[in-house]
Amino acid sequence: AQSVTQLDSHVSVSEGTPVLLRCNYSSSYSPSLFWYVQHPNKGLQLLLKYTSAATLVKGINGFEAEFKKSETSFHLTKPSAHMSDAAEYFCVVSEVDTGRRALTFGSGTRLQVQP
Amino acid sequence: GAGVSQTPSNKVTEKGKYVELRCDPISGHTALYWYRQSLGQGPEFLIYFQGTGAADDSGLPNDRFFAVRPEGSVSTLKIQRTERGDSAVYLCASSPLGSNTEAFFGQGTRLTVV
């Protein structure tokens, strides 16, 4: 069975400082991993995805994540936060190689960006 | 259309009533998913269609929930005898055929059972 743990329910940073959102996963197979962002009253948007290619994945809006198999982690980072980054972020795992297409979401991390 | 469309955007119903939620996926996407997001939680998988058939319905909570996709495009999630605990945002997503492809989400239907 697959699962995702987002280690922080809330993260607050100042504008211009680095962002770190932590995610650990559990999977019996080689997982695909995603980060989605959800702005208020908007749909979920894909930030980036890892699918067994390069372990450092670059996404939209300056975000990136590194897949570390030894640590079963897929933390999301950004060098410099912008006010528009304030949103809910979800780490997601999928075991597509098993044929099961369901995405398993973490409980989310709410990012606040202070001016 | 340009994206996944869900209607209605909001639905208020009385306990015990029947409701239908509609999803129009992105044209050409063969895979369609329904998720449910309760307040303060991440979305939870309900059901996945590949074409017209439900390939995985393991997330449906009980037999009051049912979904169809008769022509392999539009899907309808049906909830019978609604309960207050069914109140949530119901999300639909679609993706092209193939593994490791991202799912594109609609903005959801907020269902409130009073």
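Bear in mind the structure is a predicted one, so any value in this text is a computation, not a measurement. (Residues numbered from 1 in each chain as written. Chains lettered and ligands numbered in written order. Predicted model: local features only at pLDDT ≥ 70, side-chain atom pairs only at ≥ 80, totals over all residues. Heavy atoms only, no water.)

**Brief notes about the overall build of chain B**
Next up, step 1: Counting its regular elements, chain B contains zero helices and 11 strands.
Next up, step 2: Rg of the C-alpha trace for chain B: 13 Å, near the compact-globule value of 13 Å for 114 residues, within the 12% margin.
Next up, step 3: Here the C-alpha coordinates of chain B stretch approximately 40 × 25 × 25 Å along the principal axes.
Next up, step 4: Every one of the 114 residues in chain B was classed for burial, and the buried ones make up 44%.
Next up, step 5: Excluding contacts between residues fewer than 6 apart, the proportion of contacts in chain B whose partners are at least 24 apart in sequence is 52%.
Next up, step 6: In the structure as shown, chain B presents an accessible area of about 5400 Å², 47% of it carried by carbon and sulfur atoms. (Helix = DSSP H or I, 4+ residues; strand = E, 2+ residues; numbered from the N terminus. Rg over C-alpha atoms; globule rule 2.2 N^0.38 Å. Buried < 20%, exposed > 50% of the residue type's maximum accessible area, 1.4 Å probe, protein only. Contact = heavy atoms within 4.5 Å. Areas by Shrake-Rupley, 256 points an atom, 1.4 Å probe, with all protein chains shown as cover.)

**A closer look at the sheet that holds strand β1 (residues 5–7) of chain B**
All names here are of chain B.
Next up, step 1: Taken in spatial order, the four strands make up an open sheet running β1-β3-β8-β7, and their pairing is antiparallel. The open sheet has two edge strands, β1 and β7 (65–68), and neither has a second partner. If you compare each strand with its neighbour and ignore which way they point, the axes differ by 15 degrees on average.
Next up, step 2: Where β1 meets strand β3 (residues 19–24), three bridges bridge the pair, whose relative direction is antiparallel. Its bridge partner lying in β3, Gln6 is registered against Cys23. (Pairing = 2+ DSSP bridges. Axes fitted to C-alpha atoms, helices over the stretch in contact; angles between N-to-C directions.)

**A word on the interface of chain B and chain A**
How big an interface is tends to be stated in terms of the accessible area lost upon association of its parts.
Next up, step 1: Opposite the 25 residues of chain B that make contact, chain A presents 19 residues.
Next up, step 2: In total, about 1700 Å² of surface goes out of reach between chain B and chain A, with carbon and sulfur atoms giving 49% of it.
Next up, step 3: At the boundary of chain B with chain A, the tally comes to zero salt bridges.
Next up, step 4: For the side of chain B that touches chain A, the elements supplying multiple residues, two or more each, are β4 (31–37), β5 (44–50) and β9 (88–95) of chain B.
Next up, step 5: Ranked by the residues each element gives to the side of chain B that touches chain A, the list is headed by β4 of chain B, at four residues.
Next up, step 6: In the side of chain B that touches chain A, the residues fall into 10 nonpolar, 13 polar and two charged. (Buried area = accessible area lost by both parts, 1.4 Å probe. Salt bridge = Lys/Arg side-chain N within 4 Å of Asp/Glu carboxyl O. Nonpolar A, V, L, I, M, F, W, Y, C, P; charged D, E, K, R; others polar.)

**Notes on the confidence of the model for chain A**
Reading predicted coordinates in detail is not appropriate for stretches of low pLDDT.
Next up, step 1: Confidence in the prediction of chain A, expressed as mean pLDDT, is 91, and 96% of residues score 70 or more.
Next up, step 2: Of all secondary-structure elements in chain A, the lowest mean pLDDT belongs to strand β11 (residues 104–105) of chain A, at 92, while strand β3 (residues 19–21) of chain A reaches the highest, 98. (pLDDT = per-residue confidence, 0-100.)

**Describing the pairing of strand β8 (residues 75–79) of chain B**
Residues and elements named next belong to chain B.
Next up, step 1: Among the five residues of β8, four are classified as buried, and the element is accordingly described as predominantly covered.
Next up, step 2: With five bridges joining them, β3 and β8 adopt antiparallel strand pairing. Residue pairing in the sheet places Glu20 in a bridge with Lys78 of β8.
Next up, step 3: The pairing of β7 with β8 spans four bridges and is classified as antiparallel. Its bridge partner being in β8, Phe65 is matched across the sheet by Ile79.
Next up, step 4: Connecting the antiparallel pair β7 and β8 is a turn made up of six residues, with Gly72 showing a positive phi of about 75 degrees.

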